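Architecture at a glance
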Amino acid sequence: MSLVLGAIADDFTGATDLANNLVRAGMRCIQTIGVPDHALDVVDVDAVVVALKSRSCPVEQAVNDSLAALAWLQAQGARQFYFKYCSTFDSTPRGNIGPVADALLERLRAIQQERLWATQQERVQGEQTVMVPAFPVNGRTVYQGHLFVGDRLLNDSGMQHHPLNPMQDADLVRVLARQTPHPVGLLAHATLAQGTEAAQARLAELQHEGIRHVICDTLDDNDLSVLAETLADLPLVTGGSGLGQALPGVYRQRGWLAPVANAGQLATPSGAALVLSGSCSRATLGQVEHFLRTYEGFALDPLALAEGDAQIEGALVFARQRLSEMTPVLIHASAPPERVEQAQQRLGAAQAGELVERAMARLARELVGAGVGRLVVAGGETAGAVVSALGVSELRLGGQIDPGVPWTQTQVAGREAPLSLALKSGNFGGVDFFTRAFAVLGPGATS
Ligand SMILES: Nc1ncnc2c1ncn2[C@@H]1O[C@H](COP(=O)(O)OP(=O)(O)OP(=O)(O)O)[C@@H](O)[C@H]1O
Ligand SMILES: O=C(O)[C@@H](O)C(=O)CO
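Cut-offs applied
- Residues numbered from 1 in each chain as written.
- Chains lettered and ligands numbered in written order.
- Predicted model: local features only at pLDDT ≥ 70, side-chain atom pairs only at ≥ 80, totals over all residues.
- Heavy atoms only, no water.
- Helix = DSSP H or I, 4+ residues; strand = E, 2+ residues; numbered from the N terminus.
- Buried < 20%, exposed > 50% of the residue type's maximum accessible area, 1.4 Å probe, protein only.
- Near = heavy atom within 4 Å.
- Polar contact = N/O pair within 3.5 Å; in protein donor to acceptor, adjacent residues only side chain to side chain.
- Areas by Shrake-Rupley, 256 points an atom, 1.4 Å probe, with all protein chains shown as cover.
- Nonpolar A, V, L, I, M, F, W, Y, C, P; charged D, E, K, R; others polar.
- Salt bridge = Lys/Arg side-chain N within 4 Å of Asp/Glu carboxyl O.
- Phe/Tyr/Trp six-rings, centres within 6.5 Å; stacked < 30°, edge-to-face > 60°.
- Pairing = 2+ DSSP bridges.
- Contact = heavy atoms within 4.5 Å.
- Domains from an automatic or database assignment.
- Buried area = accessible area lost by both parts, 1.4 Å probe.

Before going further, it helps to spend a moment on unusual backbone geometry. Following G95, the chain continues into N96 via a peptide bond in cis, with omega recorded as 20°. The residue N96 is located in the loop between strand 4 (80-84) and helix 3 (97-114) in this model. Even without being a glycine, F89 presents a positive backbone phi close to 55°. Considering the arrangement of structural elements, one finds F89 in the loop between strand 4 and helix 3. On the basis of relative accessible area, F89 is assigned to the buried category, the value being 0%.

This is the structure in structure tokens:
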């Protein structure tokens, strides 16, 4: 059987989130870090998720990287494509969600037009895509085009204070309309509630009106199932990871997936336990506080990092002293909005973020070299910096810690045993996530 799904994720934690849902729904899935420079052996693989770092970079770079990922996934024979972004629709007024979706759609349409044998139905489908950010099990739902996090509108959920992509408008039709020259429409819940045929008819109607992007209401997992049935033939779908929960069931009904007993299994973990947190989300701040009630931590501060390497050296000494004890250690830059604002006013948002990311990258490299074998990283940008610094190219997926966050394993230079790695999206995980993550993984042997 050939590759069924090719996904392009705009950050690394988002990529593992999607891969986790695909694996849990029975797809054999590989996650790559960046676009591989070689073909993969996809004989026993149903889905590949290419993790990019394109959420907060300049629009042109995000578009180019995403098109490169699309070309590579097409070369691997993927049947459907999935552009994965954040369930909180993290983006700036210019993008990158709208411009990347436009570019992917246009490239796919151009390819279809070249294929003279493409059916009329395929050609029509290639002119429209959907936006399904919802992930109901984690409290992200969409109603009348408005995104909710739990019972709060997006702009009242903490996301209005995000260090890189503050989200100050919950109306996704309006948010996306600022990012694309093409019309944006809504597939409202009232239609979805009538089932797949009604949803398909509405999409066709919107297409006829020239609507290219359709924001989809989604209240629960049942809506995701209706959406998956409605959308399984679209060349391109876009959204959070929720749709990835439901699509595999439809693929299976169509006979596109081989039966597998357990799509995600890892080797025995080993090595010391470390948490690196660069996320400043409400959820992560709670998790940091909870962790520090039991274990020790070291706080980084962008203002100190701007002065030189002394604070990083301090963190290294702190961590090395404790790693041999095999109790988890936390190093974090996570700080409440007023502290983040202070640093950003002095340094600028981009430089403050970059200083933290560079520090996290160096700490990961040195501490994995010093025996860390079980590593949790909190925050998508932070995870991108860490994973790049470790030279990770592929991740194998294992068991889930909390919805959206699995353990993974990878091979890194200088370490014989695999490195167990959990990439936690900023807003995901229960309050005890950092402590429970290591318990879920099982006891680590000394490596
Ligand atoms: N104290 C701080 N002051 C200013 N910026 C910070 C501070 N701590 C972290 N940052 C930066 O804030 C950004 C946080 O983004 P990151 O993607 O890592 O977390 P997140 O947005 O909560 O997670 P996700 O993208 O998974 O939702 C990073 O660029 C990080 O370097
Ligand atoms: O969809 C989400 O919320 C996450 O997978 C994510 O992308 C956070 O970076």
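Now that the structure is up, let's keep going.
In this section: the site of ligand 1. If you check the shell around ligand 1, you find 24 residues, and the closest are H162, S279, E357, E381 and T382. Here an oxygen atom of ligand 1 and a backbone polar atom of G353 are 3.0 Å apart. Contact distances for ligand 1 include 2.8 Å between an oxygen atom and a backbone N or O atom of G426. Relative to its unbound accessible surface of 650 Å², ligand 1 loses 98% to contact with the protein. With four residues, helix 14 (residues 349-369) is the single largest residue contributor to the shell around ligand 1. Of the residues in the shell around ligand 1, the class split is nine nonpolar, eleven polar and four charged.

What follows deals with the site of ligand 2. Taken together, D11, T13, G14, D17, R55, K84, Y85, C86, S87, S425 and F428 make up the full set of residues adjacent to ligand 2. One of the side-chain N or O atoms of D11 is found 2.8 Å from an oxygen atom in ligand 2. Coverage of ligand 2 by the protein amounts to 96% of the 270 Å² it exposes when considered alone. It is helix 1 (residues 12-24) that provides the largest number of residues to the shell around ligand 2, a total of three residues. A class-by-class count of the residues in the shell around ligand 2 yields three nonpolar, four polar and four charged.

For side chains bearing opposite charge, pairing can occur when the charged atoms are close. The tally for this structure, following the rule as stated, stands at 24 salt bridges. For R202, the salt bridge goes to E205, with nearest N and O atoms at 2.5 Å. In this pair, R202 and E205 both sit in helix 7 (residues 196-208), three residues apart, roughly one turn of the helix. On the basis of relative accessibility, which here comes to 25%, the residue R202 falls in the partly exposed class. Across the pair D432 and R436 runs a salt bridge, and its minimum N-O distance is 3.1 Å. By relative accessible area, which is 25% here, R436 ends up partly exposed.

All chains considered together, the criterion is met by nine aromatic pairs. Here the aromatic rings of F291 and Y295 are separated by 5.0 Å at their centres, their planes lie at 35°, and the arrangement is tilted. What makes F291 buried here is its relative accessible area of 1%. Among the aromatic residues, those joined into a cluster by ring pairs are F291, Y295, F433 and F434.

A few words now on the sheet that holds strand 6 (residues 140-143). The antiparallel open sheet is built from three strands, whose spatial order is 6-7-8. The open sheet has two edge strands with one neighbour each: strand 6 and strand 8 (152-153). Across two bridges, strand 7 (residues 146-149) lies against strand 8 in antiparallel orientation. In the strand pairing of strand 8, V149 is matched with R152.

It is worth spelling out the side chain of N20 at this point. Position of N20 among the secondary structure elements: in helix 1. Beyond its immediate stretch of four places on either side in the chain, N20 contacts L397, Q400, G404, V405 and P406.

The extent of an interface is frequently quoted as the accessible surface area lost upon association of the parts. According to the domain assignment, the protein chain consists of domain 1 (5-253) and domain 2 (272-441). A straight line from the C-alpha centre of domain 1 to that of domain 2 covers 28 Å. Summed over both sides, the interface between domain 1 and domain 2 buries roughly 2400 Å², with carbon and sulfur atoms accounting for 58% of that surface. The largest contributions to the domain 1 side of the interface with domain 2 come from T13, I33 and K53, which together make up 22% of the buried area. One can count two salt bridges joining domain 1 with domain 2. The salt bridge partner of E381 is K53, with a shortest N-O separation of 2.9 Å. At the boundary of domain 1 with domain 2, the tally comes to ten residue pairs in polar contact (both at pLDDT 80 or more). Elements with a contribution of two residues or more to the side of domain 1 that touches domain 2: helix 1 and strand 2 (29-33). No other element matches helix 1, which puts nine residues into the side of domain 1 that touches domain 2. Residue composition of the side of domain 1 that touches domain 2, by class: eleven nonpolar, 14 polar and seven charged.

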